[in-house]
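Listed below, chain by chain, are the residues.
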Amino acid sequence: MNDSSTGLPFLKGHGAENDFVIVPDPDGAIELAPEHVRLLCDRYAGIGGDGVLHAVRSAKNPEAAHLAADAEWFMDYRNSDGSVAEMCGNGVRVFVRHLLEAGLAEPGGDGTIPVATRAGLRRVRLEADGRLTVFMGRAELPDSTGIEVAVGDRRWPARKIDMGNPHAVAFVDDLAQAGHLLDAPSVSPADAYPEGVNVEFVADRGPRHVAVRVHERGSGETRACGTGACAVMVAAARRDGLGPEGLPATYRVDMPGGTLEITEHPDGQIEMTGPAVIVAAGTTTLVRQG
Ligand SMILES: N[C@H](CCC[C@H](N)C(=O)O)C(=O)O
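The rules behind the values
- Numbers given for residues are sequential positions, taken from 1 along each chain in its written order.
- Since the coordinates come from a predicted model, pLDDT governs what is reported: local features require at least 70, and pairs of side-chain atoms require 80 or more to be given and counted, while whole-chain, interface and lining totals use all residues.
- In computing side-chain values, all of the structure's heavy atoms are included and hydrogens and water are not.
- To form a nonpolar core, buried Ala, Val, Leu, Ile, Met, Phe, Trp, Tyr and Cys residues must be joined to one another through side-chain atoms within 4.5 Å.
- Residue burial is assigned from relative accessible area. The probe radius is 1.4 Å, only protein chains are included, and a residue is buried under 20% of its type maximum, exposed over 50%, and partly exposed in between.
- Secondary structure elements are taken from DSSP: a helix is a run of H or I of four residues or more, a strand is a run of E of two residues or more, and numbering for both begins at the N terminus.
- Each domain's limits were defined by an automated method or a database of domain assignments.
- By definition in these notes, contact holds between two residues if any of their heavy atoms fall within 4.5 Å.
- Buried area: the accessible surface (1.4 Å probe) lost by two parts on joining, summed over both.
- Salt bridges are identified by distance alone: a Lys or Arg side-chain nitrogen within 4 Å of an Asp or Glu carboxyl oxygen.
- Pairing of N or O atoms within 3.5 Å defines a polar contact, subject to two protein rules: one partner must be a possible hydrogen donor and the other a possible acceptor, and residues neighboring in sequence count only if both atoms are side-chain atoms.
- What a helix is expected to span follows from its residue count: subtract one and scale by 1.5 Å.

## Concerning the nonpolar core
- Membership of the largest hydrophobic core comes to 54 residues, with the highest contact counts inside it found for Met75, Met255 and Ile262.
- Here this core gets nine residues from one element, more than from any other, and that element is helix H3 (residues 226–239).
- Looking at which domains feed residues into this core, each of domain 1 (6–131 + 276–289) and domain 2 (148–272) supplies at least three.
- In this view, Met255 contacts Val212, Val214, Arg223, Ala224, Cys225, Ala229 and Leu260; residues no more than four positions away in its chain are not counted.
- Core analysis: the second largest hydrophobic core is formed by 19 residues, Ala168, Tyr193, Phe201 and Ala203 among them.

Written out as structure tokens, the structure is:
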């Protein structure tokens, strides 16, 4: 805890109600230990959030310095349990909304704002309707043979998909079958995801239209997950028999907190479009200068 009365600035924002505490720290001067992240995300003793978006200039962070020539800003994403993740899809939209509103970035010649992440460079475009589109790169689809997820006594086969972070996608008849998701679904075989996993449960709503609930690694059940929506779209497109000849294809992905539109192109590139809003700004004594 910071022992001075002066606090450090923070902002609060969300993308489809996947919510984040933004910690502006251009020079990387703030000590952001796991316990600081847990406190910031605590919905009673802190500000509350599914994660923290630590905004550091890429040149000032050893994990992002190699991307500094391409992206001035590094999104140092943390889950609410204090763990580090490679990428956050809803988070990068909120991150760019903050940069735009704070006058810290503007669209380049190609109309996008670049962001450095642990999963690499991601570009974000502001749409005419106010939503933001993230160019999410390509999904990796490792062999999923024998992968299952279980909640209570129910089990489902799952598709292993990597969006820079790990996902297990299970198709269910009814989202209520996933229960309360207070605990992480179990995944078998136990060594399938040594780094942990984000688990998505998917129910069909119509042609190229699904509804999803997600239990996130490091955050628990959230109202939406951007990388998860991308993983779900790719799994649904493969289940629907869409190969490169059937692309580009766009799926509507409804999550409890809102809707994301995911498009996969013939070259495998994935675009995610959705909302991002900053809802508050203030100061906090929950973090301190390093
Ligand atoms: N919990 C995820 C990171 C945040 C992903 C999610 N909030 C998103 O919008 O992509 C993980 O540990 O991989």
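## A short note on the domain arrangement of the chain
- Partitioning the chain into structural domains gives domain 1 (6–131 + 276–289) and domain 2 (148–272).
- Once you take the C-alpha centre of each, domain 1 and domain 2 turn out to be 24 Å apart.
- Residue-level contacts link 20 residues of domain 1 with 20 residues of domain 2.
- Carbon and sulfur atoms supply 40% of the area buried between domain 1 and domain 2, which totals about 1400 Å² over both sides.
- Summed over the three residues of domain 1 that lose the most area to domain 2, namely Ala16, Glu17 and Glu86, the buried surface amounts to 31% of that side.
- Seen at the junction of domain 1 and domain 2, the total is three salt bridges.
- A salt bridge links Glu86 to Arg217, with the nearest nitrogen and oxygen atoms 2.7 Å apart.
- For the interface between domain 1 and domain 2, the tally reads eight residue pairs in polar contact (both at pLDDT 80 or more).
- If you list the elements that add at least two residues to the side of domain 1 that touches domain 2, you get strand S5 (73–79), helix H2 (89–101) and strand S7 (120–126).
- Looking at which element gives the most residues to the side of domain 1 that touches domain 2, the answer is H2, with three residues.

## Some remarks on H2
- With 13 residues, H2 ought to run about 18 Å at 1.5 Å a step, and its terminal C-alpha atoms sit 19 Å apart, in line with that.
- Of all 13 residues in H2, eleven are buried, a share of seventy percent or more.
- Turning to H2, its buried residues number three or more, namely Gly89, Asn90, Gly91, Val92, Arg93, Val94, Phe95, Val96, Arg97, His98 and Leu99.
- Just downstream of H2, Gly103 is the residue with a positive phi angle, here 70°.

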